[in-house]
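Observations on chain architecture
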Amino acid sequence: LERSNVSLKIREKLLMDQLLHPKIFLDLEVKDIRPLGRVVIQLYTEACPEMVLEFVRTCSENKSELFKLIRIFPGLWLEGEITVKNGVLSKSNFQHEMNMIRHDSGSGILSFAKCYLTHGFPYGLLNFTISFKPMPVLHGERVAFGELIAGHRVMECTQDYGTKHGKVKKEILVVHSRLKAYIDV
């Protein structure tokens, strides 16, 4: 009986983790040249539930064409946007937690600018960045809501296609996106 209670608690914890911290993956490709590989991102619902929901919705429907990588600043970050059909995040003051993930904790931090908290995102577009290195200067300036857990080498390769002014040399596409499969609990 005690063993089954422990097993049940482990399953409940795993299920809760899957709900609060979903994982998505994006397969990246240099347009008409070559695949770059897959990145896996863990999202944190507590940091910004509405933003996480939009990422999960887009990936679970495999709407990879809605992702666009618009700027790449080698040594700093990759900037992208998602086209969405609703205006949930175009309103200001959506739920968020500024200190959920620290920008100095490592590379691969997924975030958005805090100015969107007061003004909302432009209707139909969600702007985000993924950092290439720890960036403590961004703490308090951006809302971090996810982190790269696999595909760091792929992210490093994307830097070859950017310039110091952010201009993309070759278009990088998200050719496949999905919500990472849950384990059976």
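Residues numbered from 1 in each chain as written. Predicted model: local features only at pLDDT ≥ 70, side-chain atom pairs only at ≥ 80, totals over all residues. Heavy atoms only, no water.

**With respect to the overall build of the chain**
- Within the chain, the secondary structure is distributed over four helices and eight strands.
- If you list the helices and strands of the chain from N to C, you get α-β-β-α-β-β-β-α-β-β-α-β.
- By the burial criterion, 44% of the 185 residues in the chain qualify as buried.
- Put simply, 75% of the contacts in the chain that link residues at least 6 apart link residues at least 24 apart.
- Of the roughly 9,900 Å² of accessible surface on the chain, a fraction of 55% belongs to carbon and sulfur atoms. (Helix = DSSP H or I, 4+ residues; strand = E, 2+ residues; numbered from the N terminus. Buried < 20%, exposed > 50% of the residue type's maximum accessible area, 1.4 Å probe, protein only. Contact = heavy atoms within 4.5 Å. Areas by Shrake-Rupley, 256 points an atom, 1.4 Å probe, with all protein chains shown as cover.)

**Structural notes on the side chain of Ser 131**
- Here Ser 131 shows up in strand 6 (residues 125-131).
- You can call Ser 131 buried: its relative accessible area is 6%.
- Polar contacts involving the side chain of Ser 131 include one to the main-chain amide nitrogen of Ile 109, which spans 3.1 Å.
- Polar contacts involving the side chain of Ser 131 include one to the main-chain carbonyl oxygen of Lys 133, which spans 3.5 Å. (Polar contact = N/O pair within 3.5 Å; in protein donor to acceptor, adjacent residues only side chain to side chain.)

**Looking at the side chain of His 103**
- In this fold, His 103 is placed in the loop between strand 4 (77-83) and strand 5 (109-113).
- Reaching out from His 103, the side chain makes a polar contact with the backbone oxygen of Arg 142 at a distance of 3.4 Å.

**Some details on helix 2 (residues 49-60)**
- When the terminal C-alpha atoms of helix 2 are compared, their 16 Å separation across twelve residues agrees well with the 16 Å that a helix rising 1.5 Å per residue should span.
- Taken together, the buried positions of helix 2 are Met 51, Val 52, Glu 54, Phe 55, Val 56, Thr 58 and Cys 59.
- Directly after helix 2, the chain includes Asn 62, whose backbone phi takes a positive value near 50 degrees. (Expected span 1.5 Å × (residues − 1).)

**What to know about the pairing of strand 4**
- With five of seven residues buried, strand 4 lies mostly within the body of the structure.
- Of the strand pairs in this sheet, strand 3 (residues 67-73) and strand 4 are connected by six bridges, and their pairing is antiparallel. Note that in strand 4 the partner of Phe 67 across the bridge is Ile 82.
- Connecting strand 3 to the antiparallel partner strand 4 that follows it, the hairpin turn spans three residues, and Gly 75 within it adopts a positive phi of roughly 85 degrees.
- In terms of strand pairing, strand 4 meets strand 6 through seven bridges, oriented antiparallel. Across the sheet, the residue bridging to Ile 82 is Leu 126, located in strand 6. (Pairing = 2+ DSSP bridges.)

**Let's talk about the nonpolar core**
- Counting 47 residues, the largest nonpolar core has Leu 28, Leu 43, Met 51, Phe 55, Phe 112 and Phe 145 as the members making the most contacts within it.
- With five residues, helix 2 is the single largest residue contributor to this core.
- With near-sequence residues (within four places) excluded, Phe 112 lies in contact with Cys 48, Met 51, Phe 94, Leu 117, Phe 121, Asn 127, Arg 142, Val 143 and Phe 145. (Core = buried A, V, L, I, M, F, W, Y, C linked by side-chain atoms within 4.5 Å.)

**Overview of the pattern of salt bridges**
- Applying the stated criterion to the full structure yields eight salt bridges.
- Residues Arg 38 and Asp 27 are paired through a salt bridge, measuring 2.7 Å at the closest nitrogen-oxygen approach. Here Arg 38, found in strand 2 (residues 34-43), pairs with Asp 27, found in strand 1 (residues 23-30); they are eleven residues apart in sequence, far enough to count as distant.
- Exposure remark for Arg 38: the relative accessible area of 40% places this residue in the partly exposed category. (Salt bridge = Lys/Arg side-chain N within 4 Å of Asp/Glu carboxyl O.)

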